[in-house]
Amino acid sequence: MRSGLILLAIATLLTGCDKMLLGDDEPIISLEENLQPPPQLNDGWEVSDLTTQNINVQPIQQLVVHIQKSPGNIHSLLIVRNNKLVLESYFTGWRRDRVHALRSVSKTFMSTLVGIAVDQGNFSLDQKVAGFFPEYDELLGEEKKNPNQAPAHNDIRNRMG
């Protein structure tokens, strides 16, 4: 179930991106390179390959070939198995270091991650988001720091009556 949610979040992220940031002169990554195991980049991801992670290679290769020929709006395909990145393919000039404009897809992706984190007991929906970023406390207004002591004019019940 959890891996299904993660794949859904990744698919949503990948299909909601924007081509405006892609230049016309970007080289297309070759099919051969797209079928190679991902490089180890010291970015926090362990890497492996499809065979080592007991993934049937042929359908994955067929998928990459199909996307390479007719990518539509697919910019990349990443597959993670057993917490290891086993495939990292990019299409139509997109690459790992290319900035994407995510727009509304960020809300979908974040809500999925929050749902997973809540389900795993990492935090409660009753916690304040600001509590996760104490280094930005000085940016909070007094009403956000002490919501129970906010002036009465901010209480909608006082405005209605």
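Every residue gets a number counted from 1 within its own chain, in the order that chain's sequence is written. Totals for whole chains, interfaces and linings use every residue, but because this is a predicted model, local features are given only for residues with pLDDT of at least 70 and side-chain atom pairs only at 80 or more, for both listing and counting. Where side-chain values are given, they derive from all heavy atoms of the structure, hydrogens and water being excluded.

(A) Local environment of the packing of aromatic side chains. Each pair of aromatic rings taken from Phe, Tyr and Trp, with Trp reduced to its six-membered ring, is defined by centres within 6.5 Å and is described as stacked if the planes are under 30 degrees apart, edge-to-face if over 60, and tilted in the remaining cases. If you walk through the whole model with that rule in mind, you get one aromatic pair. Judged by centre distance (5.4 Å) and plane angle (70°), the rings of Phe-123 and Phe-132 are edge-to-face. Note on classification: 1.4 Å probe, protein chains only; a residue is buried when its accessible area is under 20% of the maximum for its type, exposed when over 50%, partly exposed between these limits. Residue class for Phe-123 comes out partly exposed when judged on its relative accessible area of 22%.

(B) How the structure looks around the side chain of Ser-48. Each helix is a run of H or I in the DSSP string that is no shorter than four residues. Each strand is a run of E no shorter than two, and both are numbered from the N terminus. Within the secondary structure layout, Ser-48 lies in the loop between strand E1 (46–47) and helix H3 (57–69). Exposure remark for Ser-48: the relative accessible area of 13% places this residue in the buried category. Nitrogen and oxygen atoms within 3.5 Å of one another constitute a polar contact, given that in protein one can donate a hydrogen and the other can accept it, and given that sequence-neighbouring residues count only through two side-chain atoms. Polar contacts involving the side chain of Ser-48 include one to the side chain of Gln-53, which spans 3.0 Å. Every residue pair with non-hydrogen atoms within 4.5 Å of one another is taken to be in contact. Ser-48 has contacts with Pro-37, Pro-38, Gln-53, Lys-84, Leu-85 and Val-86, leaving out every residue within four places of it along the chain.

(C) Quick peek at the sheet that holds strand E3 (residues 84–90). On the basis of which strands lie adjacent, the open sheet formed by three strands has the order E1-E3-E2 and mixed pairing. In this open sheet, the two strands that pair with only one neighbour each are E1 and strand E2 (76–81). Any two strands are treated as partners once DSSP identifies two or more bridges connecting them. Pairing geometry for E2 and E3, over six bridges, is antiparallel. Considered in E3, the bridge of Val-80 is made with Leu-85.

(D) Summary view of H3. Expected helix span is taken as 1.5 Å per residue step, with the number of steps being one fewer than the number of residues. With 13 residues, H3 extends 18 Å between its outermost C-alpha atoms, agreeing within 8% with the 18 Å of an ideal straight helix rising 1.5 Å per residue. Turning to H3, its buried residues number three or more, namely Ile-60, Val-64 and Ile-67. The arc that holds the buried residues of H3, viewed along the axis, is 65°, so those residues lie on one side. Within H3, the exposed residues directed more than 90 degrees away from the buried face are Gln-58, His-66 and Lys-69. Next to the buried residues of H3 lie helix H2 (31–34), E2 and E3. The opening residue of H3, the one whose side-chain oxygen lies 3.4 Å from the backbone nitrogen of Gln-58, is Asn-56. The directions considered for the arc run from the helix axis to the C-beta atoms.

(E) Highlighting the confidence of the model for the chain. The quantity called pLDDT is the predictor's confidence in a given residue, expressed from 0 to 100. When the pLDDT values of the chain are averaged, the result is 80; 75% of them are 70 or greater. Confidence, read as mean pLDDT per element, is least for helix H6 (residues 156–159) in the chain (51) and greatest for E1 (96).

(F) Representation of the pairing of E3 within the structure. With six of its seven residues buried, E3 lies for the most part within the structure. In this structure, E1 lies alongside E3, joined through two bridges in parallel fashion. Of the residues in E3, the one forming a bridge with Val-47 is Leu-85. Where E2 hands over to E3, the hairpin turn is made up of two residues, of which Asn-82 adopts a positive phi near 55°.

(G) Expanded view of the pattern of salt bridges. In the sections that follow, a salt bridge refers to a side-chain nitrogen of Lys or Arg positioned within 4 Å of a carboxyl oxygen of Asp or Glu. Per the counting criterion, the structure on display carries two salt bridges. Here Glu-46 makes a salt bridge to Lys-84, at a shortest N to O gap of 3.6 Å. Of this pair, Glu-46 sits in strand E1 while Lys-84 sits in strand E3, placing them 38 residues apart in sequence. Notably, a salt bridge pairs Arg-96 with Glu-88, separated by 3.0 Å at the nearest N-O pair. Taking relative accessible area as the criterion, Glu-88 reaches 9% and is therefore assigned buried.

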